[in-house]
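Chain by chain, the residues:
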Amino acid sequence: MGTNSKTSHQPYAVAPTASKVAEPPAPAGAVGPPPTGATAESLDMSALGGPVLPPDLQQLVQEKLTSVLEQAAPPAEIGPAPAKGEAAGGELGGGAAGAVDEEEDEPEGDGPAAEQHVEPQSDGAAIPEAELALELDSAEADEEEEDEPEEAPLWTVPTTPPVGVAAGVPALISGSDLVDSTATLISYNTGSDEPREVLLAHLSEDAEGKLLDALDAGEPKLVPIQVEKEVTGRLGMDEQHKLAELVGLAAKGVNGKLKHGEEMTTKTLSQYQAAQKAVDAVLDNPALTDDEKTMAQYYAGHLATIGERMENPKALPYLEGGKIPMVTPYLHTGMATVTEYVPAPPEEGEDDGLLKATKRSASRIKATIDKSTGTTSWDGKTRSKANGIEYAIDLGDGYSAVYRPYTGNDPATTEYSMRGQLEIHAPAGAGHGQDLVGRLEQLHLNNRAMKAPEGELTYLHANITAQGLAKNTGVQQALETAHALEDLQVQELFHERAHEAIGLDATELGDFAKRIQMEAAHKVLPKKVTVLRDAVAKATGFADGAALAASSGYDPTPSRSAGWSSWNRFDVTGAPEQFDAAWKGKSLIHNIGKGSLVDVFATGVLASTERRAVMGIGGGLGMSEGADKKTGGANYAFVRVADTSSAGKAGGRLIWDNPRTLMQRADYYAYDGDHFGALNPHGGHSTYGQTRDPYKIANFTSGSNEVMLRNGADLYSEQAPTRAIASSAAERNAVLALFASRGITHLNGKPVEDVVIYNGQ
């Protein structure tokens, strides 16, 4: 899952086991497999068939391939579950801010890791080399399928998304770069014939390094210039190097020892040395102006006095006037020649192929919505403020992107739920849907539409997270095997095609390395699915992967849920009787709060705080929207476990009397209490007691319990509520009129007149 688990640039080196597989020697002049011990750094292309690369080009190819390999997230990170530490907000109402659990420091015994009790499947030993070779040979046997017709994507990316649909439409993207492997396409109404089409996605934390490496967003090269300016107070050079602070600290430390007649300590000496180093660094600057030199010499004089007293502290007793004078900052009033640093002009012909990006204060799309129709509008410019930073990126040809990074947005001080959010904007007008998805490649992200094998891999990872299988030894080994298989395939493809790198420039070499990585992933995908399916099957009590795939609950096809996707968990879909028995007499509820049933059904979705923002639904509807952004819960919609017998007594409420429609999803987590959906360990609310186990959730007893659903629920799908309790007869009539205007007669097979209720009618 990743939002709080790894640094953005954590490298994934080529697996050493993959490079040790024994192979017969290649005939002279033939392109052979990687030699024993080969890595991206040790490839010797002089031994390859075809043209030999010059040493400088060979090194560049190696660097590019190494970079791609380091950024390739291991398959364990694929899946729809949110990164570690994500959380959901308090839209339930009635709950006070949760106090920190007194048992917070205890082991999280009922957290996700403890929910699945399985026997270890192996001793965790390293993957045998011969086994790896057999795995790859088996995968290569599937290459004959390449002559068959190209498999169709699971979902087709629309060229022209429907204008004004608030929740948007989903686009399923292969790989693990995006949370849920899903992007959302929204076409905002602008009041003209030129809508604004936007792709919205949430980047997994492990993929951030790839995106940042596509940007020219670092600090520019600076050069000093001397300028005349009016100065009142400290000079910029003084503040930049903190001379007054460092020299003052050294003086204070020495005075403390003099006052008590004590010997100078190592700490006192280090303070003096730090101040001396800073002053010397300024004096050694060849660009120093006369005014700045005078300032530096002022502090050097203080240091001389400090140094004398340190060498002979008893020469002038403290009470006889030996105290070092207080160090006050050097102040200047009037015109002064000062040194300023400005970005260096680009060198002629300089082009590193990176995307120009500007760091700025974070913001969100500020859309509006027509409550009567649910149509969303945005002018393409207006944005609301957020607490954090973001990158504004120029993609060229009228396309742009906005990315709010994990790196640089401190979980303790910024809005946790926005970290990883990505927007890609098309030029004004319709018909850019597929182009928006294609632009992901410019950001070094996967942009291929997901097909069935990739979907099954994502489904398996979603279930690993949902069922708490990540610590199972057999599953761990399967994940390592899958990653090693791909690394080995990358090395073989590199040796086969290294000669193609001749004549390519740096940017083209980067693209060449990425193509190798993507093709390797495609070649080994069937075997990766088989290996992981077998491990998951054994961890959950099935004989093997074939038995799991044949079971009634196994369905690796994602469900459309408004503008996003959801994956089911086979431990629920495969055991409906067991689930229903455990949940007998229990329902899930959601309190509408300050909104209305009409507004909710106008959009057709129960949406999270973050989703409501881009849909144009104003703030203030949830009970704790600000806190939810800090905990991470703003990415989730909240429901609560309640007794079915009492669930319908209050108005303004959605009720699911068949909780399985929501609890078969793989993207929820829950607390038996009000934790504001905490996922952020620095968000001010305890994460102790978090669970994904539907059977534990069924036994919740706290009146402020909470269950968090990623993004929200599609109220016009199989996730529709069983009952919608109106606050008044007028509200019930308004909801039914809305349904009639849209030709909606049933919700999930039930007549709408029986769904929308007031006073039991």
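Note that this is a predicted model, so its numbers are computed, not measured. (Residues numbered from 1 in each chain as written. Predicted model: local features only at pLDDT ≥ 70, side-chain atom pairs only at ≥ 80, totals over all residues. Heavy atoms only, no water.)

Participant: It is not clear to me how the overall build of the protein should be interpreted in this structure. Could you clarify?
Facilitator: Of regular secondary structure, the protein possesses 22 helices and 25 strands. Each of the 761 residues in the protein was classed as buried or not, and the buried ones make up 52%. Here the protein displays about 32900 Å² of accessible surface, and carbon together with sulfur accounts for 51% of that area. (Helix = DSSP H or I, 4+ residues; strand = E, 2+ residues; numbered from the N terminus. Buried < 20%, exposed > 50% of the residue type's maximum accessible area, 1.4 Å probe, protein only. Areas by Shrake-Rupley, 256 points an atom, 1.4 Å probe, with all protein chains shown as cover.)

Participant: Can you help me understand the sheet that holds strand 15 (residues 586-591) in this one?
Facilitator: Backbone-to-backbone hydrogen bonds pair the strands of a sheet. The strands run either parallel or antiparallel. Pairing is mixed in the open sheet, where 7 strands are placed in the order 19-20-17-15-18-22-25. At either end of the open sheet lies a strand with only one pairing partner, and these are strand 19 (669-671) and strand 25 (756-757). Relative to strand 20 (residues 706-710), strand 17 (residues 636-643) is paired through 4 bridges, and the arrangement is antiparallel. Within strand 20, the residue paired with Val-639 across the bridge is Val-707. (Pairing = 2+ DSSP bridges.)

Participant: Just to check I follow, could you spell out empty space enclosed by the protein for this structure?
Facilitator: Regions of empty space are outlined by a rolling probe, equal in size to a water molecule, passed over the atoms. If you walk through the whole model with that rule in mind, you get 4 cavities of 30 Å³ or more. Within this model, the largest cavity holds a volume of roughly 310 Å³. Taken together, 21 residues make up the lining of the largest cavity; nearest its centre are Leu-200, Ala-201, His-202, Gln-421 and Arg-611. For the lining of the largest cavity, the secondary structure elements donating two or more residues are strand 2 (178-188), strand 3 (196-203), strand 12 (421-425) and helix 16 (609-615). No other element matches strand 2, which puts 5 residues into the lining of the largest cavity. Its residues assigned to classes, the lining of the largest cavity shows 7 nonpolar, 7 polar and 7 charged. (1 Å grid on protein atoms, 1.4 Å probe; cavity = no way out; pocket = protein on both sides within 12 Å on 5 of 7 lines; lining within 4 Å. Points joined across faces, edges and corners; volume = space filled by probe spheres on them. Nonpolar A, V, L, I, M, F, W, Y, C, P; charged D, E, K, R; others polar.)

Participant: For this particular structure, what's the right way to read helix 7 (residues 290-311)?
Facilitator: Because each turn of an α-helix spans 3.6 residues, side chains separated by three or four positions end up pointing in the same direction. Compared with an ideal rise of 1.5 Å per residue, which puts 22 residues at 32 Å, helix 7 spans 31 Å between its outermost C-alpha atoms and is within 8% of the ideal. Taken together, the buried positions of helix 7 are Glu-292, Met-295, Ala-296, Tyr-299, His-302, Leu-303, Ile-306, Gly-307, Arg-309 and Met-310. One face of helix 7 carries all of its buried residues, which in axial projection span an arc of 165°. Exposed side chains of helix 7 directed beyond 90 degrees from the buried face belong to Asp-290, Glu-308 and Glu-311. (Expected span 1.5 Å × (residues − 1). Arc of directions from axis to C-beta.)

Participant: Looking at this structure, how should I read the pattern of salt bridges?
Facilitator: Working definition: two side chains of opposite charge can pair if their charged atoms are close together. For the structure shown, the criterion picks out 23 salt bridges. Of the charged contacts, one joins Lys-210 and Asp-177 as a salt bridge, the two residues approaching to 2.8 Å between their closest N and O atoms. You can see Lys-210 sitting in helix 3 (residues 208-213) and its partner Asp-177 sitting in the loop between strand 1 (169-172) and strand 2, a full 33 residues away along the chain. Among the ionic pairs, Glu-245 bridges to Arg-234, the shortest N-O distance being 2.9 Å. In this pair, Glu-245 is assigned in helix 5 (residues 243-259) and Arg-234 in the loop between strand 5 (222-233) and helix 4 (236-241), connecting sequence segments 11 residues apart. One network of salt bridges, with partners in common, ties together Arg-360, Arg-383, Glu-390, Arg-404 and Glu-423. (Salt bridge = Lys/Arg side-chain N within 4 Å of Asp/Glu carboxyl O.)

Participant: How should I be thinking about the nonpolar core in this particular structure?
Facilitator: The nonpolar side chains of a soluble globular protein tend to be buried, and buried together. Ranked by size, the top nonpolar core spans 38 residues in total, and within it Phe-601, Leu-654, Ile-697 and Phe-739 carry the most contacts. For this core, the secondary-structure elements that each account for two or more residues are helix 15 (597-603), strand 17, strand 18 (653-656), helix 19 (660-663), helix 20 (694-698), strand 20, helix 21 (729-741) and helix 22 (752-755). Dropping the residues within four chain positions of it, Leu-654 is found in contact with Leu-588, Ile-589, His-590, Ile-592, Leu-597, Val-600, Phe-601, Leu-715, Pro-721, Arg-723 and Ala-724. Core analysis: the second largest hydrophobic core is formed by 31 residues, Leu-178, Ala-401, Tyr-406 and Val-437 among them. (Core = buried A, V, L, I, M, F, W, Y, C linked by side-chain atoms within 4.5 Å. Contact = heavy atoms within 4.5 Å.)

Participant: Could you clarify how one ought to interpret helix 21 in this entry?
Facilitator: Over its 13 residues, helix 21 runs 18 Å from end to end, which matches the ideal 18 Å to within 8%, given 1.5 Å per residue. Among the residues making up helix 21, those that are buried are Glu-731, Arg-732, Val-735, Leu-736, Leu-738 and Phe-739. Here the buried residues of helix 21 occupy an arc of 150° about the axis, which is enough to place them on one side. Exposed side chains of helix 21 directed beyond 90 degrees from the buried face belong to Ala-730, Ala-740 and Ser-741. Gly-743 sits one or two residues past helix 21 and shows a positive phi near 75°.

Participant: Explain the confidence of the model for the protein here, please?
Facilitator: Any region with low pLDDT has predicted coordinates that should not be read closely. A residue-level look at the protein finds 76% of positions with pLDDT of 70 or above and a mean pLDDT of 81. Counting interchain partners and residues more than four positions distant, the pLDDT-below-50 stretch residues 1-54 has 122 contacts. Across residues 139-147, where pLDDT falls below 50, the model places 8 contacts with residues more than four positions away in sequence or in other chains. (pLDDT = per-residue confidence, 0-100.)

Participant: I keep staring at the environment of Ser-624 and nothing clicks. Help me out?
Facilitator: Looking at where Ser-624 falls in the secondary structure, it is placed in the loop between helix 16 and helix 17 (625-631). Residue class for Ser-624 comes out buried when judged on its relative accessible area of 12%. Sequence-wise, Ser-624 and Ala-634 are 10 residues apart; in three dimensions their C-alpha atoms are separated by 9.1 Å.

Participant: Could you clarify how one ought to interpret the pairing of strand 18 in this entry?
Facilitator: Taken residue by residue, a regular strand's side chains alternate between the two faces of the sheet. Burial along strand 18 is two-sided: Arg-653 and Ile-655 facing one way and Leu-654 and Trp-656 facing the other are all buried. Sheet analysis places strand 15 next to strand 18, joined by 4 bridges and oriented antiparallel. When the sheet's bridge partners are listed, Ile-589 is paired in strand 18 with Ile-655. Relative to strand 22 (residues 723-725), strand 18 is paired through 3 bridges, and the arrangement is antiparallel. Bridged to Arg-653 within strand 22 is Ile-725.

Participant: When you look at the sheet that holds strand 3 in this model, what are you seeing that I'm missing?
Facilitator: Read from one edge to the other, the open sheet built from 8 strands follows the order 1-2-3-12-11-10-7-4, with strand pairing classed as mixed. Of all strands in the sheet, those bounded by a partner on one side alone are strand 1 and strand 4 (215-216). Taken together, the 4 bridges between strand 11 (residues 399-403) and strand 12 define a ladder with antiparallel strand orientation. In the sheet register, Ala-401 faces strand 12, and the bridge partner there is Ile-424.

Participant: Please explain the packing of aromatic side chains as it appears in this structure.
Facilitator: Under the definition given, this model contains 13 aromatic pairs. When the centroid spacing of 6.4 Å and the interplanar angle of 25° are considered together, the rings of Phe-601 and Tyr-716 count as stacked. Placement of the pair is Phe-601 in helix 15 and Tyr-716 in the loop between strand 21 (712-714) and strand 22, with a sequence separation of 115 residues. Tyr-716 sits in the partly exposed class, given a relative accessible area of 30%. With 6.3 Å between their ring centres and 85° between their planes, Tyr-669 and Tyr-671 make a pair best called edge-to-face. Like Tyr-669, the residue Tyr-671 is buried in the burial classification. The structure contains a cluster of three or more aromatic residues connected by ring pairs, namely Tyr-459, Phe-542, Tyr-554 and Phe-570. The residue whose ring lies beneath Arg-439 is Tyr-399, and the NZ or CZ to ring-centre distance is 4.0 Å. (Phe/Tyr/Trp six-rings, centres within 6.5 Å; stacked < 30°, edge-to-face > 60°. Lys NZ or Arg CZ within 6 Å of the ring centre and 35° of its normal.)

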